[in-house]
Amino acid sequence: MAKKIKKKRIAVPEQDPYARIHNFNEVSLGYTWELAIEEASRCLQCPYPSPCMKGCPVDVNIPGFIKKILEKDIKGALEIIHATNSLPGITGRVCPQEQQCEMNCIMGKVGDKINIGKLGRFVADEARKQGIYPSTPSVEKKGKKVAVVGSGPAGLTAAADLVKMGYDVTMYEALHEPGGVLIYGIPEFRLPKNIVRYEVKFLKMLGVNVITNVVIGKTFSLYELLNEYDAVFLGTGAGTPKLLNLPGVNLNGIYSANEFLTRINLMKAYKFPEYDTPIRKGKKLAVIGGGNVAIDAARCALRIGYEEVYIIYRRTREYMTAREEEIIHAEEEGVKFMFLVSPVEFLGDENGNVKVIRLIMNELGEPDSSGRRRPIPIPGTEFGLEVDAVVFAIGQKPNKVLYQEVPELKTTEQGTIVVDEKYRTTLKGVFAGGDAVRGEATVVLAMGDGKKAAKAIDEYLSNGYPWPDKIEPAKF
Amino acid sequence: MPMFEILDKKELAPHIKWLRVHAPLVARAAKAGQFIILRLHEKGERIPLTLFKWSKDEGYIEIVFQEVGKTTYELGTYEIGDKIMDIVGPLGRPTEIENFGNVVVVSGGVGAPIGYAVARGLKEAGNHLTVIAGFRSKDFVILEDEFSEIADELLITTDDGSYVRKGFTTDVLKEYIEAGNKVDFVFTVGPVIMMKFIADITKKYRIKTVASLNPIMIDGTGMCGACRVRVGGEIKFACVDGPDFDAHQVDFDELIMRLKQYQNEEEVAMKRYLKKGGC
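Here the structure is a predicted model, which is why all the values come from computation and not from measurement. (Residues numbered from 1 in each chain as written. Chains lettered and ligands numbered in written order. Predicted model: local features only at pLDDT ≥ 70, side-chain atom pairs only at ≥ 80, totals over all residues. Heavy atoms only, no water.)

Caption draft 1: Inspection of the packing of aromatic side chains at higher detail. One pass over the structure, following the stated rule, counts 17 aromatic pairs over all chains. Between the aromatic rings of Y133(A) and F202(A), the centroid separation amounts to 5.6 Å while the plane-to-plane angle is 15 degrees, which identifies the pairing as stacked. Of the two residues, Y133(A) sits in the loop between helix 7 (116–130) and strand 1 (145–149) while F202(A) sits in helix 10 (residues 193–206), which places them 69 residues apart along the sequence. Taking the relative accessible area as the measure of exposure, F202(A) reaches 4% and is therefore buried. Joined through ring pairs, the aromatic side chains of F431(A), Y460(A), Y465(A) and W467(A) make up one cluster. Positioned above the aromatic ring of Y229(A), the side-chain terminus of K145(A) is 5.1 Å from the ring centre. Cation over ring: R20(B) sits above Y60(B), and NZ or CZ is 4.0 Å from the ring centre. (Phe/Tyr/Trp six-rings, centres within 6.5 Å; stacked < 30°, edge-to-face > 60°. Helix = DSSP H or I, 4+ residues; strand = E, 2+ residues; numbered from the N terminus. Buried < 20%, exposed > 50% of the residue type's maximum accessible area, 1.4 Å probe, protein only. Lys NZ or Arg CZ within 6 Å of the ring centre and 35° of its normal.)

Below, the structure is given as C-alpha cells:
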C-alpha cells in the first residue's frame, strides 16, 4: 500500500527575532532527531542519479544520506556526504539550496520540496556533537607536493580532495586563522566559527599542512612556490572591496562590508573592549547593496546595537541577489528596506564623521547585461538620510595585488584569473578556482571548482605534467 | 626556536621601545619601506608596524614602536622570551630605491626607524645622503648613532632646542634648500602634519617627494579598505598600493581625520587596560 505523502515541509526551529537581534548565536537552530526523521521520511528516494543530485555542484548523493538518517546511521550519512563534500557543516548552512538541489526536487510537484540543506546540516551537527569523523582510509602517498593558496571554500575543498588522493598538501593563509570568507565574512549567527574550525581540524587530521600568516606574493612569491611544489592551486577569492568614489566616501564611519564584517567576525569587535578591535557604534546605519553580504552587514549592525538599519538598494526587491531566507530573516529582525535609491554624496560633521547620505530615486529602464532592469536616476529627486555609519556592500573583486609581480599570469579586465575548463592558468603548473576566477559567486560553487581543480591537478601530475601552449578561457 | 619569540629588547627613549623578534619568513623577504602586522594574543587587534632592520641569515626582524595606545603599551610589557601570537609580512610595496643623486630623508619622531631603513637603502644605491631627523626634545632622540653611520650629513633638530638646535624638520629642510644645496629627491616619514608641511615645501621647489603613510589597517593585504587614502583624487589602499605615495598628491588632511576614527574607543581600551593594572 502506498505511503501517505506528507506535503508540508517540517519547520526548522529558529531563535525568536526579538531575542536574536541582541546576540550573535545562530538564528536557525537546526532539526532535532525527531524532526529530521520526519522530514527525511518525506523524501521519495528517487533512483540514482536523482534530480536533486544533478543540482549539486559537489555531487552529493542526497537520497543516499537521507536514507541513512532514516536508519539513524549518522556515521553512514556523514560518510556518504564526505565522499564528495568535505565541508557539510558549512554547505548545510550557506548553500543556496533553493537554486540548486532543492530546485529539482520532485516533491515540489505535489507539495513542499525536501529541506535538503537542513538535513545535511543535521548530519554534520549530529556527527560533531557525537565526535564522529568519517573513516579515513589510508592512501598510498604519491610523493608529490601541491601548494594551495587561500583557505576559503575553494582551497579547503581542493586541499581535502588532493590529500585524499595521496598528495602532500600545504595550504597557505594570509590571515591568522584559516577559513577565508567563512571566517572573516559570514557572521557567527549564520555560520558559527567553531563549525569552520571543526572542518579545518578534520583537514589537518587528513594530513593537510595549514600555514597561517603567510601572504603569497609577499612572504613567498608564486615562483618560489613553483620551485618547491609540483603544482599550485590559487583559491584566493574576491577579497578587494568595491567602493563608489563619491564625494565624502572616505568620511569616518563609512566602511566596506569587508572591513565591517572582518572587524565583527574575525576580530570580534562586538565584544570590544574585552577584545581590542573597535567598531563604530551609533543609532542609524545604512548598508548600500542588495546581496547576501549586504544582508549580513545589516543583521550584524542590529546585533552591535544600531536601532535603525537600512538596506539601500538601487533596484527592487525581486532583483536582490540575496537568498530569500536571508531577506526574510532580515525583515523579521526589523531591517528597513529602501528600494530604487542610490547614494550620490556623503556629508560629515566638523570632525569628519559621516552624518547624512544624499540619495537619489531611480526608475527601472531596459535590462542590462545581467538581465536585470537597469536603474536610472530621476533628476530632482535627491533627499537626505541621517546616519551614524554606512557600509558599502556593492561587491568585491579579486585581489590582484597578490600576483602583480607575475606578468605571465593572465587576468581579465575584471581582475579575475584566466583559466581553461581544467582550471589551468596561463602559468604552467598553476591552477585557480573559486571567486578568484568567477569574480563573485557562492561558497558551494567555489567548492565545486576546488573539487574539479583537484581532479585536474591529479591528471596533470599523473600524466607527466602536460600543459597546453594556449589557454582557452572557460566561461563561468 | 618558537615563532615570533622576542630575542632582545631595549628602551630607546621614554615610551619608545626596540624589539628583536624571531620571524624568519618575514626576514627572508623584507625590503626597506615595508611593514608587518602583528596580533599579540587571542583577543588582540591587528596593528601595522614598520620594519627597522632584519637579518635573513639569523631569521630575525627588528621593530621600534612608541607606546601610544593599549596594544603598543601591552607590547611594551612583553619581555625577552615572550611570544607574539601572530606576525605577517613583509607587507606593502618596498620603497623604490634608485640613484637619484642628492637625497634628503626627513623623519619625525618614531618615523626614524623606517627613515633609517630607507636611508640605508638610498645610501647603498650610491646617493649622497642627508638625513634630517626631528624629535620633541633631547630625551626623545633615537637612532642617532645608526643615522650617523650611513648619512653624509646628519641634521638633528628638536622642537624645544634641548639638543643640537631648536626647530622643526620643515625649518631645517627649508634652510638646507635655501642655502643652495641641490636636492633631487626627498623621502619623508613621521607625523602626518609634518609630512604635509614637508610636501608643501618641496612642491614649491619642485623636488620629487615620497611620503610613507601610516593609516589604520586590519588585514594589510588589500581586503578591508580601512587604510584607504586619497592620492591625486583617487582612492588608494595604503597597505597594497603604498605605504609610499607621491607626497604632492596625498590628501594629508583626510588622513589626519581618518586616523582619529577610533579616538574614543582607544581611550576606553586604554583606561580599561590601566585599570586592570596592565603596566
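Caption draft 2: Highlighting the side chain of Q396(A). You can see Q396(A) is positioned in strand 15 (residues 396–397). Excluding its chain neighbours within four sequence positions, the residues that come into contact with Q396(A) are A238(A), T240(A), P241(A), K242(A), N258(A), V293(A), G439(A) and E440(A). (Contact = heavy atoms within 4.5 Å.)

Caption draft 3: Up close: the confidence of the model for chain B. Of the residues in chain B, 99% have a pLDDT of 70 or more, and the chain-wide mean is 95. Per the prediction output, this complex has pTM 0.94; the corresponding ipTM is 0.94. (pLDDT = per-residue confidence, 0-100.)

Caption draft 4: Broad picture of the sheet that holds strand 1 (residues 6–13) of chain B. Residue and element names in this part refer to chain B. The antiparallel open sheet is built from six strands, whose spatial order is 1-2-5-4-3-6. Each end of this open sheet is capped by a strand with a single partner; those strands are strand 1 and strand 6 (86–91). With direction set aside, neighbouring strand axes in the sheet form an average angle of 30 degrees. The sheet contact formed by strand 3 (residues 35–39) and strand 4 (residues 47–55) spans four bridges and is antiparallel. Across the sheet, residue I36 finds its bridge partner in strand 4, namely L49. Seen against the sheet, helix 2 (residues 70–77) touches strand 1, strand 2 (16–22), strand 3, strand 4 and strand 5 (60–66) and runs at an angle of roughly 125 degrees to strand 5. Relative to the sheet, helix 3 (residues 112–124) contacts strand 4 and strand 5, its axis offset from that of strand 4 by approximately 45 degrees. (Pairing = 2+ DSSP bridges. Axes fitted to C-alpha atoms, helices over the stretch in contact; angles between N-to-C directions.)

Caption draft 5: Structural context of the interface of chain A and chain B. Contacts between chain A and chain B engage 44 residues on the former and 49 residues on the latter. Together chain A and chain B conceal approximately 4,000 Å² of surface at their shared face, both sides included; 53% is due to carbon and sulfur atoms. Counting the surface chain A buries against chain B, the share from its top three residues, K218(A), N250(A) and D276(A), is 18%. Taken together, the connections running from chain A to chain B amount to three salt bridges. In this structure, the salt-bridge partner of E224(A) is R28(B), at a minimum N-O distance of 2.2 Å. If you look at where chain A meets chain B, you find 27 residue pairs in polar contact (both at pLDDT 80 or more). For the side of chain A that touches chain B, the secondary-structure elements that each account for two or more residues are strand 5 (240–241), strand 6 (254–256) and helix 12 (257–266) of chain A. For the side of chain A that touches chain B, the leading source of residues is helix 12 of chain A, giving four residues. Among the residues forming the side of chain A that touches chain B, the class breakdown is 20 nonpolar, 17 polar and seven charged. (Buried area = accessible area lost by both parts, 1.4 Å probe. Salt bridge = Lys/Arg side-chain N within 4 Å of Asp/Glu carboxyl O. Polar contact = N/O pair within 3.5 Å; in protein donor to acceptor, adjacent residues only side chain to side chain. Nonpolar A, V, L, I, M, F, W, Y, C, P; charged D, E, K, R; others polar.)

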